[in-house]
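Take a look at the letters that make up each chain.
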Amino acid sequence: MLQLENVDVCYGSFKALTDISMTVDTGELVVLLGANGAGKTTLFNAISGLVKPAGGDIRFEDKHLNGMKPSAVVSSGVVQCAEGRKLFPQMSVQQNLMMGAYVHRRDREGNKKRLNEVLELFPILEDKANQPAGSLSGGQQQMVAIGRAMMSRPRLLMLDEPSLGLAPLVVRQMFETIRQINSLGTTVLLAEQNAFAALKIADRAYVMENGRLVMEGDREAMLGNEEVRKAYIGA
Ligand SMILES: Nc1ncnc2c1ncn2[C@@H]1O[C@H](COP(=O)(O)OP(=O)(O)OP(=O)(O)O)[C@@H](O)[C@H]1O
Ligand SMILES: [Mg+2]
């Protein structure tokens, strides 16, 4: 579904990504592990069209995404849920969710149906629909951010550190919902530092260090890998 070949990204003279080749197959839940500054967000932004690769190729199904505008990338079915949520705090929860439906704004019936599906995933948001998004707890705000991305009807959903700053119990529920989104038919690429929780729901994972992919494997191999355990999971 998604294929990156030898992708490089530079910020001025600093090379943030070097020679990234990876794939995500239809229906998979793939995790991208990496410490602070490894390049996870840069990779997502390159796929989303927010930064322009210096080299290489990014393909989604039959389309080349490199050089596409971010709005065209969303229209083609690739939607990023940004690190740090980036909500509109003064606007209501429902208004935030509907922002994600902008790309389908002519299909009002479809958006209504989709909104109901999103509220089924996150029932608490129905009670909070008219409250300002900024008044919600961190976990609820992350639900709004994922819900807004789901309103764009992604076929590939990219989640950038959704567990950041959340309490352990909330993190567990968040990963359970991500697994559910995937099993309902949305392909997921998930960037995380919370390696154990992410690997538990993953089909496959890549590990990134200093802008390079250094390891790849399926869930069992990664959970059993000594290096991965030492670096990301603990004893
Ligand atoms: N706009 C920018 N200009 C210059 N350097 C940048 C820019 N954005 C990121 N970088 C640098 O690129 C490298 C990769 O950053 P990136 O944000 O992609 O990492 P990350 O894996 O998402 O980290 P985190 O887990 O902290 O979110 C870092 O060294 C960072 O300082
Ligand atoms: Mg990041």
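The name given to the protein chain in an unreviewed UniProt entry is Amino acid/amide ABC transporter ATP-binding protein 2 (HAAT family), and the organism recorded there is Marinobacter pelagius. Database annotation for the protein chain, UniProt heading Sequence similarities (unreviewed entry): "Belongs to the ABC transporter superfamily."

A.B. asks: Report on the overall build of the protein chain, specifying residues and quantitative values.
C.D. replies: Secondary structure summary: the protein chain contains 10 helices and 10 strands in total. Relative to the 2.2 N^0.38 estimate, which gives 18 Å for 235 residues, the radius of gyration of the protein chain is 17 Å and therefore close to what a compact globule would have. Relative to its full complement of 235 residues, the protein chain shows a buried share of 50%. Across the protein chain, every contact between residues at least 6 apart in sequence was considered, and the portion connecting residues at least 24 apart equals 67%. Carbon and sulfur atoms make up 49% of the accessible area of the protein chain, which amounts to about 11300 Å² in all. Seen as two clouds, the 26 positive and the 26 negative side-chain charges of the protein chain have centres 6 Å apart.

A.B. asks: Would you mind going over the pairing of strand β10 (residues 212-218) in detail, with residue names and values included?
C.D. replies: Judged from the six bridges that link them, strand β9 (residues 204-209) and β10 form a sheet pairing that is antiparallel. Across the sheet, the residue bridging to valine 207 is methionine 215, located in β10. Here β9 folds back onto β10 in antiparallel fashion, the turn holding two residues, of which asparagine 210 has a positive phi close to 45°.

A.B. asks: Go over the nonpolar core with me, naming the residues and quoting the values.
C.D. replies: One finds Ile178 and Leu190 to be the most contacted residues of the largest nonpolar core, which totals 47 residues. Ranked by residue count, the leading element in this core is helix α6 (residues 138-151), at seven residues. Among residues more than four places away in sequence, those in contact with isoleucine 178 are Leu29, Leu159, Pro162, Val188, Leu190 and Ile201. Within the second largest apolar cluster, 28 residues are counted, among which are Leu17, Met22, Ile58 and Tyr206.

A.B. asks: So what's going on with the coordination of the magnesium ion (ligand 2)? Which residues, and what values?
C.D. replies: Ideal coordination angles are 109.5 degrees for a metal with four donors arranged tetrahedrally and 90 or 180 degrees for a metal with six donors arranged octahedrally. Here the magnesium ion (ligand 2) is held by the protein donor atoms Thr41 (OG1) and Glu83 (OE), which lie 2.0 to 2.2 Å from it. In this pair, threonine 41 sits in helix α1 (residues 40-48) while glutamate 83 sits in the loop between β6 (78-81) and α3 (93-99), placing the two residues 42 residues apart along the sequence.

The rules behind each value
- Residues numbered from 1 in each chain as written.
- Chains lettered and ligands numbered in written order.
- Predicted model: local features only at pLDDT ≥ 70, side-chain atom pairs only at ≥ 80, totals over all residues.
- Heavy atoms only, no water.
- UniProt positions renumbered as here; feature names shortened; annotations may be inferred.
- Helix = DSSP H or I, 4+ residues; strand = E, 2+ residues; numbered from the N terminus.
- Rg over C-alpha atoms; globule rule 2.2 N^0.38 Å.
- Buried < 20%, exposed > 50% of the residue type's maximum accessible area, 1.4 Å probe, protein only.
- Contact = heavy atoms within 4.5 Å.
- Areas by Shrake-Rupley, 256 points an atom, 1.4 Å probe, with all protein chains shown as cover.
- Lys, Arg positive; Asp, Glu negative; His and termini not counted.
- Charge placed at Lys NZ, Arg CZ, Asp CG, Glu CD.
- Pairing = 2+ DSSP bridges.
- Core = buried A, V, L, I, M, F, W, Y, C linked by side-chain atoms within 4.5 Å.
- Donors = N, O, S within 2.8 Å, 3.2 Å for Na, K, Ca; no water.

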